[in-house]
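The residues making up each chain are set out below.
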Amino acid sequence: MERLALQHGVSLRKDGKFQALVGRLGQSGPWLMLPQSFMNASGRPVQMLAGFFKIPAAEILVVHDEIEFPAGAARLKQGGGIAGHNGLRDISQRIATHDYWRLRLGVGHPGAKGAVADYVLGKPVQEEREAIDEAIGRALEVMPQITAGDMQAAMLKLHTDPKPKPAPKAEPKPEPKPIPKAEVKPEPKPEPKPQPPEEKKGLFSSLFGKKK
């Protein structure tokens, strides 16, 4: 609600008779209301505003969290049950009908029924917070159709799965450098042993033989 008001430059001002922050989109546009009561007592502000300005149930849009949807889901519907949501229960009782519109923003389920109360009052983890913010952004994109009363167009656009984000391109891995082969040095050849010089035989030795 705050993001919608901010987009249109609308100030939500505290109004004691409605127990809510109230603003309006333009001079004849829809009223924005953010109840300041407890969530399970949201019906009285809705009843007071709708009764004062004579707004029929079919022109009321209630934005609420939905634990049956995963974080990041956003769905529009009119009427239906309350699925244990105490805020919806109080609104339905106060205006005596279920036929108002609901914008359901998925927040996920803790898994155990007994943990729901603490779960919805706690802060979502970073990944779920980002998914919920994206869902709110998609819901804001269909607000022109909603405020114009073209709910079918709004549902068609909102319920169409968003295009998946392209996966980041993987950086090419550098080719491994070839490992240089170890230089094989030839084994050194053994140096030839020096041969003793041959005894030279002179002319007289050959004639008379060795001296004794």
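Residues numbered from 1 in each chain as written. Predicted model: local features only at pLDDT ≥ 70, side-chain atom pairs only at ≥ 80, totals over all residues. Heavy atoms only, no water.

Caption draft 1: Main features of the sheet that holds strand S1 (residues 13–15). Spatially, the three strands line up as an open sheet ordered S1-S2-S3, and their pairing is antiparallel. Bordering the open sheet on either side are S1 and strand S3 (31–35), each of which pairs with just one other strand. Each strand of the sheet is rotated relative to its neighbour by a mean of 35°, with strand direction disregarded. As defined by bridge partners, strand S2 (residues 20–24) adjoins S3 across five bridges and the pair is classed as antiparallel. Bridge assignment links Arg24 to a residue of S3, and that residue is Trp31. (Pairing = 2+ DSSP bridges. Helix = DSSP H or I, 4+ residues; strand = E, 2+ residues; numbered from the N terminus. Axes fitted to C-alpha atoms, helices over the stretch in contact; angles between N-to-C directions.)

Caption draft 2: Local environment of the confidence of the model for the protein chain. With 75% of its residues at a pLDDT of at least 70, the protein chain reaches an overall mean of 83. Predicted confidence for residues 201–212 stays below pLDDT 50, and this span has one contact to residues more than four positions away or in other chains. (pLDDT = per-residue confidence, 0-100. Contact = heavy atoms within 4.5 Å.)

Caption draft 3: Quick look at unusual backbone geometry. Located in the positive-phi region is Gln19, a residue other than glycine, with phi close to 55°. Here Gln19 is to be found in the loop between S1 and S2. Positive phi is not limited to glycine here, since Lys54 has a value of about 55°.

Caption draft 4: Representation of the nonpolar core within the structure. In terms of nonpolar packing, the biggest core is built from 21 residues, with Leu32, Leu76, Leu103, Met143, Ile146 and Leu158 touching the most fellow members. Among the secondary structure elements, those contributing two or more residues to this core are helix H1 (2–7), strand S5 (74–78), strand S6 (101–106), helix H5 (126–141), helix H6 (143–147) and helix H7 (151–159). In terms of residue count, the dominant contributor to this core is H7 (four residues). With residues up to four places along the chain from it excluded, the contact list for Ile146 reads Leu61, Leu76, Met151 and Ala154. The next biggest cluster of nonpolar side chains, apart from the first, holds 15 residues, and it includes Ala20, Ala57, Ile60 and Ile91. (Core = buried A, V, L, I, M, F, W, Y, C linked by side-chain atoms within 4.5 Å. Buried < 20%, exposed > 50% of the residue type's maximum accessible area, 1.4 Å probe, protein only.)

Caption draft 5: Molecular detail of the pattern of salt bridges. Here the structure, examined in full by the defined rule, presents three salt bridges. Its salt-bridge partner being Asp133, residue Arg3 comes within 4.0 Å of it at the nearest N-O pair. Within this pair, whereas Arg3 is found in helix H1, its partner Asp133 is found in helix H5, the two being separated by 130 residues in sequence. Here Lys17 and Asp15 are joined by a salt bridge, their closest N and O atoms 3.2 Å apart. Lys17 gets classed as partly exposed once you look at its relative accessible area, which sits at 43%. Sharing partners across several salt bridges, the network here consists of Arg3, Arg129 and Asp133. (Salt bridge = Lys/Arg side-chain N within 4 Å of Asp/Glu carboxyl O.)

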